[in-house]
Amino acid sequence: MSETAVKAGMRKSTPKIPESGRMRRIIKNRAIYLMILPGFLYFLIFKYIPMSGLIIAFQDYQAYLGVTGSPWVGLKHFERLFTEPMFFTILGNTLLLFFLNLAFYFPVPIILALMLNEVRREVFKRFIQTLVYIPHFMSWVIIVSISFVMLSMDRGIINELMVMAGFDKINFLMSSDWFRPMYVMQVIWREAGWGTIIYLAAMAAIDPGLYEASRIDGASRFRQMWHITLPSIRSVIVVLLILKIGDVLELGFEHIYLLLNSMNRDVAEIFDTYVYTAGLKQGQFSFSTAVGFFKSLIGLILVMLANKLAKKAGEEGIY
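Residues numbered from 1 in each chain as written. Predicted model: local features only at pLDDT ≥ 70, side-chain atom pairs only at ≥ 80, totals over all residues. Heavy atoms only, no water.

**Regarding the UniProt feature "transmembrane region" (unreviewed entry) in the chain**
Here is step 1: When the UniProt feature table is mapped onto this chain numbering, "transmembrane region" (unreviewed entry) sits at residues 31–49, 95–119, 131–153, 192–213 and 285–306.
Here is step 2: The distance separating the terminal C-alpha atoms of residues 95–119 is 37 Å; by composition the span is 88% helix and 0% strand.
Here is step 3: Summarising residues 285–306: 100% helix, 0% strand, and an end-to-end C-alpha distance of 32 Å. (UniProt positions renumbered as here; feature names shortened; annotations may be inferred. Helix = DSSP H or I, 4+ residues; strand = E, 2+ residues; numbered from the N terminus.)

Have a look at this one:
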């Protein structure tokens, strides 16, 4: 009998689960479904239902008229976005900050996780982990405030050390040239330690027998890291890279807004701060919604393209 015929026979012989059977299975596994319920409700209430508000991007929305009473204007706000004099400046600033994050921040948690994985004394390892995790639990207000105290022209410790070394003071906080390095360093300081958690979890799942076999073959610690640890967590790195690419236009409002001032606006203005200025300060709700819609659409397209390229390269991707 051919393989096709066997598969056809198996499909015919597979009984269809009745609806009552599905219900019994749900009741039997109700604890699992109850565990899923909070996450499901979170995404439903805060992620999917608000998507209905995207319709005002195609309207001249007036609060007193509501969504149903506001006039329809089609792609007017998108045309305005693409013809704004500031559009290409904002797009360039956003993309440049994203690529700086990708180049300098993204590898740091991987390197830090590899280093922590090589620490053999558990007490010292946990102490270092706790030390690098702490900044994540501080808000951007605190992080920027600490940076302000350290980098201030008036008795800032960095400028004081520079003067002691014979250099002139630098106005880091008001300088366009120093905004991007300062932003990337703050992101690394706050998020690098927290980003190691996923990589350390992936490393914990690696078979210890691989390391034992490599040691028997005379492999050094660096060789073990390069030929065993990194290939074993490659799929995790690819998935996180794809998700990171999806946030290409999502740099976060709070951090940038706290660093933004009149002297560095030409390099610091991004889509998130532009939406705040146009949407909340000036009350242009339809236009700011169109900007947000544009950002989300670009992120979705890039995630799909990155996932497709990952699969072509032999990786699993995210779907």
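Okay, back to it.
**As for the packing of aromatic side chains**
Here is step 1: Applying the stated criterion across every chain yields a total of 23 aromatic pairs.
Here is step 2: Residues Tyr 61 and Phe 285 carry aromatic rings whose centres are separated by 6.3 Å and whose planes lie at 80° to one another, so their mutual orientation is edge-to-face. In this pair, Tyr 61 sits in the loop between α3 (30–48) and α4 (66–69) while Phe 285 sits in helix α18 (residues 285–312), placing the two residues 224 residues apart along the sequence.
Here is step 3: When the centroid spacing of 4.9 Å and the interplanar angle of 75° are considered together, the rings of Phe 172 and Trp 178 count as edge-to-face.
Here is step 4: Since its relative accessible area comes to 8%, Phe 172 is described here as buried.
Here is step 5: Through successive ring pairs, a cluster of aromatic residues spans Phe 82, Phe 87, Phe 88, Phe 271 and Phe 294. (Phe/Tyr/Trp six-rings, centres within 6.5 Å; stacked < 30°, edge-to-face > 60°. Buried < 20%, exposed > 50% of the residue type's maximum accessible area, 1.4 Å probe, protein only.)

**A few points about the UniProt feature "domain: ABC transmembrane type-1" (unreviewed entry) in the chain**
Here is step 1: With numbering matched to this structure, UniProt assigns "domain: ABC transmembrane type-1" (unreviewed entry) to residues 91–306.
Here is step 2: Helix makes up 76% of residues 91–306 and strand makes up 0%, while its end C-alpha atoms are separated by 20 Å.

**Description of the domain arrangement of the chain**
Here is step 1: Under the domain assignment used here, the chain contains domain 1 (22–58) and domain 2 (75–313).
Here is step 2: Just the C-alpha atoms count here: the centres of domain 1 and domain 2 sit 30 Å apart.
Here is step 3: Taken together, the contact pairs five residues of domain 1 with eight residues of domain 2.
Here is step 4: Considering only the side of domain 1, the residues that lose the most area to domain 2 are Ile 56, Ala 57 and Phe 58, jointly responsible for 79% of the buried surface there.
Here is step 5: Seen at the junction of domain 1 and domain 2, the total is zero salt bridges.
Here is step 6: On inspection of domain 1 and its partner domain 2, the count reaches one residue pair in polar contact (both at pLDDT 80 or more).
Here is step 7: Taken together, the residues that form the side of domain 1 that touches domain 2 break down as four nonpolar, one polar and no charged. (Domains from an automatic or database assignment. Contact = heavy atoms within 4.5 Å. Buried area = accessible area lost by both parts, 1.4 Å probe. Salt bridge = Lys/Arg side-chain N within 4 Å of Asp/Glu carboxyl O. Polar contact = N/O pair within 3.5 Å; in protein donor to acceptor, adjacent residues only side chain to side chain. Nonpolar A, V, L, I, M, F, W, Y, C, P; charged D, E, K, R; others polar.)

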